[in-house]
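Structural features, examined
Read off the chains here:
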Amino acid sequence: MKKFYCLCGRRVFFDSLQCVACGAKLGFEPYSMQMISGWETSQGQFQEAGQSNLSFGSQHYEFCSNRADYNVCNWLKPANDGNKLCFGCSFNRTIPNLQRPDNLDRWRQFEVAKKRLLYGLLVLRLPVKSGFEDPQKGLLLDLIEDERSAPNHYPESFVATGFAGGVITINAIEADDAARESIRVAMNESYRTLLGHLRHESGHYFWFLQNPQGQLLEDFIFLFGDPSQDYQAALERHYQLGPIENWREYYISAYSSAHPLEDWAETWAHYLLIHDALESAYANGLVDFSPMEVPLESRIQTWADLSVAFNEINRSSGLRDTYPFVVTPQVKRKMQFVERFIILLAQANH
Ligand SMILES: [Zn+2]
Ligand SMILES: [Zn+2]
Ligand SMILES: [Zn+2]
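Residues numbered from 1 in each chain as written. Chains lettered and ligands numbered in written order. Predicted model: local features only at pLDDT ≥ 70, side-chain atom pairs only at ≥ 80, totals over all residues. Heavy atoms only, no water.

Glancing now at the coordination of the zinc ion (ligand 3). Within the protein, the zinc ion (ligand 3) binds to His200 (NE2), His204 (NE2), Glu262 (OE) and Glu262 (OE); these donor distances fall in the range 2.0 to 2.8 Å. For the zinc ion (ligand 3), the four donor atoms in the first shell make angles of 51 to 133 degrees at the metal, so the coordination geometry reads as irregular. Written as a sequence motif, the donor arrangement for the zinc ion (ligand 3) is H-x3-H-x57-E. Of this pair, His204 sits in helix α4 (residues 194–210) while Glu262 sits in helix α8 (residues 260–283), and the two are 58 residues apart along the sequence. Note on accessibility: His204 and Glu262 belong to one class, buried. (Donors = N, O, S within 2.8 Å, 3.2 Å for Na, K, Ca; no water. Tetrahedral: all angles 85-135°; square planar, octahedral: opposite > 155°, others 65-115°. Helix = DSSP H or I, 4+ residues; strand = E, 2+ residues; numbered from the N terminus. Buried < 20%, exposed > 50% of the residue type's maximum accessible area, 1.4 Å probe, protein only.)

Turning our eyes to something else, we now look at the environment of Met187. Within the element layout of this structure, Met187 appears in the loop between α3 (177–186) and α4. For the pair Met187 and Tyr239, spaced 52 residues apart in sequence, the C-alpha to C-alpha distance is 9.5 Å. When residues no more than four places from it in sequence are discounted, the contact partners of Met187 are Arg192 and Tyr239. (Contact = heavy atoms within 4.5 Å.)

Its place among the elements puts Ser37 in strand β4 (residues 34–40). Within the structure, Ser37 has its side chain in polar contact with the backbone nitrogen of Leu7 (distance 2.9 Å). Non-local contacts of Ser37, meaning those with residues more than four positions away in its chain, are made with Cys6, Leu7, Ala24, Lys25, Leu26, Phe46, Gln47, Glu48 and Ala49. (Polar contact = N/O pair within 3.5 Å; in protein donor to acceptor, adjacent residues only side chain to side chain.)

Ranked by internal contacts, the top residues of the largest apolar core, which has 73 residues, are Leu121, Phe206, Trp264, Trp268 and Phe341. A total of nine residues in this core trace back to one element, the largest contributor, which is α8. Not counting the four nearest positions on each side in its chain, Phe206 is found in contact with Leu121, Leu126, Pro127, Val128, Trp268, Phe341 and Leu345. Ile36, Phe46, Phe63 and Leu76 belong to the second-largest nonpolar core, a separate cluster that totals five residues. (Core = buried A, V, L, I, M, F, W, Y, C linked by side-chain atoms within 4.5 Å.)

Here the focus is empty space enclosed by the protein. A complete count under the given rule lists two cavities of 30 Å³ or more for this structure. When its volume is computed, the largest cavity comes out at roughly 90 Å³. If you go around the largest cavity, the residues you meet are Arg116, Leu117, Tyr119, Gly120, Leu121, Val123, Leu124, Arg199, Leu272, His275, Asp276 and Glu279. If you list the elements that add at least two residues to the lining of the largest cavity, you get α2 (103–123) and α8. If you tally residues by element for the lining of the largest cavity, the top one is α2, at six residues. Among the domains, domain 2 (89–211) and domain 3 (213–350) are the pair contributing at least three residues each to the lining of the largest cavity. (1 Å grid on protein atoms, 1.4 Å probe; cavity = no way out; pocket = protein on both sides within 12 Å on 5 of 7 lines; lining within 4 Å. Points joined across faces, edges and corners; volume = space filled by probe spheres on them. Domains from an automatic or database assignment.)

Let us now look at the coordination of the zinc ion (ligand 2). Every protein donor of the zinc ion (ligand 2) is listed here as Cys64 (SG), Cys73 (SG), Cys86 (SG) and Cys89 (SG), and their distances to the metal cover 2.2 to 2.3 Å. Around the zinc ion (ligand 2), the four donor atoms are arranged such that angles at the metal cover 106 to 114 degrees; this shape is classified as tetrahedral. The motif formed by the donor residues of the zinc ion (ligand 2), counted along the single chain, is C-x8-C-x12-C-x2-C. Of this pair, Cys64 sits in the loop between β6 (61–63) and α1 (65–70) while Cys86 is found in the loop between β7 (76–78) and β8 (92–94), placing the two residues 22 residues apart along the sequence. For the residue pair Cys64 and Cys86, the accessibility class agrees, reading buried in each case.

Our focus in this paragraph is the domain arrangement of the chain. Domain boundaries in the chain define domain 1 (4–86), domain 2 (89–211) and domain 3 (213–350). Taking only C-alpha atoms into account, the centre of domain 2 sits 20 Å from that of domain 3. With 25 residues of domain 2 at the interface, the matching set in domain 3 holds 32 residues. Between domain 2 and domain 3, roughly 2,500 Å² of surface is buried when both sides are summed, and carbon and sulfur atoms account for 65% of that area. When residues of domain 2 are sorted by the area they lose upon contact with domain 3, Leu124, Arg199 and Trp207 head the list and together hold 28% of the total. In this structure, the connection of domain 2 to domain 3 is made through two salt bridges. (Buried area = accessible area lost by both parts, 1.4 Å probe. Salt bridge = Lys/Arg side-chain N within 4 Å of Asp/Glu carboxyl O.)

Structure below.
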């Protein structure tokens, strides 16, 4: 993530709603990827600070209605474009019932993680269209409750976090810190985050979008295995027997060894994580190059050094490791495939 500043000079952040120094309202503009300071006019328009209302030809913006109505979004949209929602919120198909306590907070956490995912995808120039815009190939998101998140309302229901037919489903319980942490412990995982889930499921989405054939598919099979392997049987085997013994040598996570497409989604998620984390490291002066400027090989090496430092700092703070993973030479080859796949998608996008 890059650094953002209010027009007054104070540093602000990707999910900031307002500048704490001058009180200006902040809006993220996803087409230019800029944070814009301003205020809301009596007509509900967003008036950019330092711009005259009458300046001819300048872009006019409005806040997303999810800000006005629920305060869960800080993105801007073009004024009078016929939509109520910003680009980022246009992917939502289902949100939980906001009459129930906790759901507004879950949704807010979901928006923060989803916007960060979208930012990362846009930086990589990946094609991101909503399923309302492109019903065949677009992306939609469902945040849904089940028995675990709303036992009195959905008894004996089970919503699996996953991807199917262009739709990413996230169980609302994953946006609940205490509940997600207890799942992490029960599943003996070293890392479980909402952003991690979204990155993983986005890997399934881009696989579905690209639908690899020919040489690309052959190269995938060589590195990851045959994606047409029985999915249910593979997952059952994984949950019964656990990962293969020496998984660390070949896979980024234990879950990766469950099925070639799970390995794909995990490797994809880590590719995105490393890219975004290094962009943050660069913006904050910890490394002297942007991840866009150096080959994957150097990015992985730099991240290996940095993440050891972050882990040590976290341990000093009494926290768990930031990045409890190791990118082995085998995993690096798979990440090189992810990069090739991203470049193909980005080129087709332009
Ligand atoms: Zn300010
Ligand atoms: Zn929005
Ligand atoms: Zn998956």
